[in-house]
Amino acid sequence: MCDGSSDRPFFPHRHLLGIEGLSPDEITVLLDRSENYVEQNRRIDKKKSLLRGRTIINLFFEHSTRTRTSFELAGKRLGGDVINMSLSTSSIKKGETLIDTAMTLNAMHPDVLVVRHQSSGAVKLLSEKVNCAVINAGDGSHEHPTQALLDALTIRRRRGTLQGLQVAICGDITHSRVARSNIHLLLAMGARVRLIAPATLIPPGIEHLGAEVFHEMAAGLKNCDIVMMLRLQQERMHGGFFPSIREYFTHFGLDYPKLANAKSDALIMHPGPMNRGVEIDAEVADDFGRSVIREQVEMGVAVRMACLEILTENLDRPELRTN
Ligand code: ASP
């Protein structure tokens, strides 16, 4: 899958709306390109001018600190002009529809829109109405593709490959776009996926994606290489999904006794923001040897730089206009 004009591997999409449907080669293109930026981001001079003259708008209909900051840094480190628009300052509050907002922004000729929205499918809908590239920064409980890519980059750098690894994703699967994007990516790349959660927090039929479902941490974590914890997304819960936080932590919170079921060198991951004492014990979260939670944040900037670079390159490819 190479570009006709050079030997550079090519990502044949105009937008990055999700991981579902991407091939292993396409995912590898994104990860390999991200790798270039990890070292650059550790240098004193982090800036490049690849996106000089390009405008990136971070359009966040839902609150975010880390993802928005990460995209902002990524765009600025590549020399682009980055503008942040959040729900509280937008005209959505005044009643404008999603499509009207999209059309208004489109008229300002941005090159990339990075969009987070509380409704699943909203980012795709918006991408159909604009001329620029669109990156999904999280839509409802649907997908969060750059999170799955940064998780994969973190794992690949630690373990060399994703192929054959046993990964446990634990916690609030029902409300998690992180879980969905990770399931698609990990299975596409040859990892095995276990989902561990109370029955109330597992969407019916999810095993059809190819993951195994467990309702008990000890059995689910047995011999796992990677333990990925998820935040309890109480803001998306209407009704009682578990009796109490205390009981949830007792059964599903990651502490050392439960972790002892996984491989002794299993990596501990969490997409953040973390609820210490709810889904993860504070000491486990800070476990120097095994927790890669801060590394995930670092990889996030590199991944977002790669996505911005690749999608702006693709703006010059007319064959991707309808993609
Ligand atoms: N930051 C991630 C997201 O936006 C995970 C979380 O919020 O729990 O989906």
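Structural data are supplied above this passage.
Calculation criteria
Residues numbered from 1 in each chain as written. Predicted model: local features only at pLDDT ≥ 70, side-chain atom pairs only at ≥ 80, totals over all residues. Heavy atoms only, no water. Buried < 20%, exposed > 50% of the residue type's maximum accessible area, 1.4 Å probe, protein only. Helix = DSSP H or I, 4+ residues; strand = E, 2+ residues; numbered from the N terminus. Pairing = 2+ DSSP bridges. Right-handed = clockwise from strand over helix to strand, strands pointing away. Near = heavy atom within 4 Å. Polar contact = N/O pair within 3.5 Å; in protein donor to acceptor, adjacent residues only side chain to side chain. Areas by Shrake-Rupley, 256 points an atom, 1.4 Å probe, with all protein chains shown as cover. Nonpolar A, V, L, I, M, F, W, Y, C, P; charged D, E, K, R; others polar. Phe/Tyr/Trp six-rings, centres within 6.5 Å; stacked < 30°, edge-to-face > 60°. Lys NZ or Arg CZ within 6 Å of the ring centre and 35° of its normal. Contact = heavy atoms within 4.5 Å. Core = buried A, V, L, I, M, F, W, Y, C linked by side-chain atoms within 4.5 Å.

### Structural notes on the pairing of strand 6 (residues 192-196)
Part 1 of the reasoning: Extensive coverage of strand 6 is indicated by the burial of 4 of its 5 residues.
Part 2 of the reasoning: Pairing of strand 5 (residues 166-170) with strand 6 involves 5 bridges; the strand directions are parallel. By the bridge assignment for strand 6, glutamine 166 is matched with arginine 192.
Part 3 of the reasoning: Assessed by its sense of winding, the connection that carries the chain from strand 5 through helix 6 (residues 177-188) to strand 6 is right-handed.
Part 4 of the reasoning: For strand 6 and strand 7 (residues 212-214), the ladder comprises 3 bridges, and the chain directions are parallel. When the bridges of strand 7 are listed, arginine 194 appears paired with glutamate 212.

### Some thoughts on the site of the ligand
Part 1 of the reasoning: Neighbouring residues of the ligand: Arg116, His144, Arg177, Val178, Arg231, Gln233, Gly272 and Pro273.
Part 2 of the reasoning: Side-chain polar atom of arginine 231 to an oxygen atom of the ligand: 2.7 Å apart, as the coordinates give it.
Part 3 of the reasoning: The protein chains hide 94% of the 260 Å² of surface that the ligand would expose on its own.
Part 4 of the reasoning: A breakdown of the residues in the shell around the ligand according to their chemical character gives 2 nonpolar, 3 polar and 3 charged.

### Quick word on the packing of aromatic side chains
Part 1 of the reasoning: In the structure shown here, the tally under the stated rule is 1 aromatic pair.
Part 2 of the reasoning: Taking the ring centre of phenylalanine 249 as reference, the NZ or CZ of lysine 258 above it sits at 5.4 Å.
Part 3 of the reasoning: Seen from the ring of phenylalanine 71, arginine 304 lies directly overhead, with NZ or CZ sitting 4.9 Å from the centre.

### A few points about the environment of histidine 142
Part 1 of the reasoning: Checked against the element boundaries, histidine 142 lands in the loop between strand 4 (133-139) and helix 5 (145-159).
Part 2 of the reasoning: You can call histidine 142 partly exposed: its relative accessible area is 30%.
Part 3 of the reasoning: Remark: the alpha-carbon pair of histidine 142 and alanine 179, spanning 37 residues in sequence, is separated by 9.0 Å.
Part 4 of the reasoning: Beyond its immediate stretch of four places on either side in the chain, histidine 142 contacts Ser120, Gly121, Arg177 and Arg180.
Part 5 of the reasoning: A polar side-chain atom of histidine 142 sits 2.8 Å from a polar atom in the side chain of aspartate 139.

### Quick word on the nonpolar core
Part 1 of the reasoning: Ranked by size, the top nonpolar core spans 87 residues in total, and within it Leu149, Ile169 and Leu254 carry the most contacts.
Part 2 of the reasoning: In terms of residue count, the dominant contributor to this core is helix 11 (residues 293-314) (11 residues).
Part 3 of the reasoning: In contact with leucine 149, not counting residues within four places along its chain, are Leu16, Ile19, Ile27, Leu30, Leu31, Leu185, Val303 and Cys307.
Part 4 of the reasoning: Ranked by size, the runner-up nonpolar core spans 14 residues in total, among them Ala102, Leu105, Leu113 and Val123.

### Points about the pairing of strand 2 (residues 81-86)
Part 1 of the reasoning: Pairing geometry for strand 1 (residues 55-60) and strand 2, over 6 bridges, is parallel. Each bridged residue has a counterpart across the sheet, and for isoleucine 57 the counterpart in strand 2 is isoleucine 83.
Part 2 of the reasoning: Note that the unit made of strand 1, helix 2 (residues 66-77) and strand 2 has a crossover that is right-handed.

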